[in-house]
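# Topology and contacts: notes
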Amino acid sequence: MVWDEWEQHKAEAAAVRSSQMQLNQVAPDSGGGSAAGEASADLKSDKKAWVKAGEGVTGLKVGIGKALTKLGDGQAGLDDTAGCRSAAAQKEIYGSWKKYIDDVSSRCDALGSLLERSGHDLSKPDQAVMAELNRLKAQYQDTDAVGGYPKAK
């Protein structure tokens, strides 16, 4: 009895799912659609919106630069770390964070430029835009976590 009820629920769920719209797939061409990868005549894009988004992401570099300056100012006077393990650890962490923040700044610049160009690029096939995003993702791959793990002696 319970098994029959379970099968009925599964069948109902499958029927509901099959009638839902899927945004990640294109319906088979019914004769009037555009070819795969081509822009649709119905698709509208506002270049100003893309430019504004790109400028916003690029603008993050200002705040990142200020944070990097404050981080550097906090290291003032930390020259010789011999004999002070916490100072040596701080210096090591500073180096890793400086590199990370520099990379974030570069990523904001690259992504901002990509967004600004996207208004023009939307006329390109999806595969071309995706290839550019994948190159950006590969170039700015996140770094492994630093700290919290004892060093091998």
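Note that the structure is a prediction, hence the values are computed from the model and not measured.

What follows covers the overall build of the protein chain. Helices and strands together make up the secondary structure of the protein chain, namely 4 helices and 0 strands. Ordered by position from the N terminus, the helices and strands of the protein chain form the series α-α-α-α. Evaluated residue by residue, the protein chain yields a buried proportion of 13% over its 153 residues. Working note: accessible area of the protein chain is about 12400 Å², and carbon and sulfur atoms make up 57% of it.

The way to describe two aromatic rings as a pair is by their centre distance and the angle between their planes. Enumeration according to the criterion identifies 1 aromatic pair in this entry. Summarising the aromatic geometry, the rings of Trp 97 and Tyr 100 are spaced 5.6 Å apart at their centres and angled 80° between planes, so their arrangement reads as edge-to-face. In this pair, Trp 97 and Tyr 100 both sit in helix H3 (residues 85-121), 3 residues apart, roughly one turn of the helix. A relative accessible area of 45% places Trp 97 in the partly exposed class. Residue Tyr 100 is classed as partly exposed on the basis of its relative accessible area, which comes to 31%.

Here we come to the nonpolar core. Counting residues in hydrophobic clusters, the biggest one holds 6 residues: Val 57, Ile 64, Leu 68, Ile 101, Cys 108 and Leu 115. Where this core is concerned, the elements lending two or more residues are helix H2 (47-73) and H3. Those residues within four positions of Ile 101 in sequence are excluded, and the remaining contacts are Ile 64, Leu 68 and Leu 71.

Glancing now at the pattern of salt bridges. Close approach of charged atoms lets side chains of opposite charge pair. Taken as a whole and assessed by the stated rule, the structure comprises 4 salt bridges. Residue Lys 98 is joined to Asp 102 by a salt bridge in which the shortest nitrogen-to-oxygen separation is 3.1 Å. Of the two residues, Lys 98 and Asp 102 are both situated in helix H3; the distance of 4 residues between them amounts to about one turn of the helix. Accessibility expressed as a relative area gives 30% for Asp 102, which makes it partly exposed.

Mapped onto the fold, Leu 111 is located in helix H3. Classification of Leu 111 by relative accessible area gives partly exposed; the value is 30%. Once residues within four sequence positions are removed from consideration, Leu 111 is found in contact with Val 57 and Leu 136.

A few words now on the side chain of Gln 75. Examined against the element boundaries, Gln 75 turns out to sit in the loop between H2 and H3. Leave out the neighbours within four places in its chain, and Gln 75 touches Gln 90, Lys 91 and Tyr 94.

A few words on the confidence of the model for the protein chain. The predicted model of the protein chain averages 74 in pLDDT, with 67% of residues at 70 or higher. Confidence, expressed as mean pLDDT per element, reaches its minimum in the protein chain at helix H1 (residues 2-18) with 71 and its maximum at H2 with 87.

What follows covers the side chain of Ser 105. Its place among the elements puts Ser 105 in helix H3. The contact partners of Ser 105, leaving out residues within four places of it in the chain, are Lys 61 and Ile 64.

Cut-off values and rules
Residues numbered from 1 in each chain as written. Predicted model: local features only at pLDDT ≥ 70, side-chain atom pairs only at ≥ 80, totals over all residues. Heavy atoms only, no water. Helix = DSSP H or I, 4+ residues; strand = E, 2+ residues; numbered from the N terminus. Buried < 20%, exposed > 50% of the residue type's maximum accessible area, 1.4 Å probe, protein only. Areas by Shrake-Rupley, 256 points an atom, 1.4 Å probe, with all protein chains shown as cover. Phe/Tyr/Trp six-rings, centres within 6.5 Å; stacked < 30°, edge-to-face > 60°. Core = buried A, V, L, I, M, F, W, Y, C linked by side-chain atoms within 4.5 Å. Contact = heavy atoms within 4.5 Å. Salt bridge = Lys/Arg side-chain N within 4 Å of Asp/Glu carboxyl O. pLDDT = per-residue confidence, 0-100.

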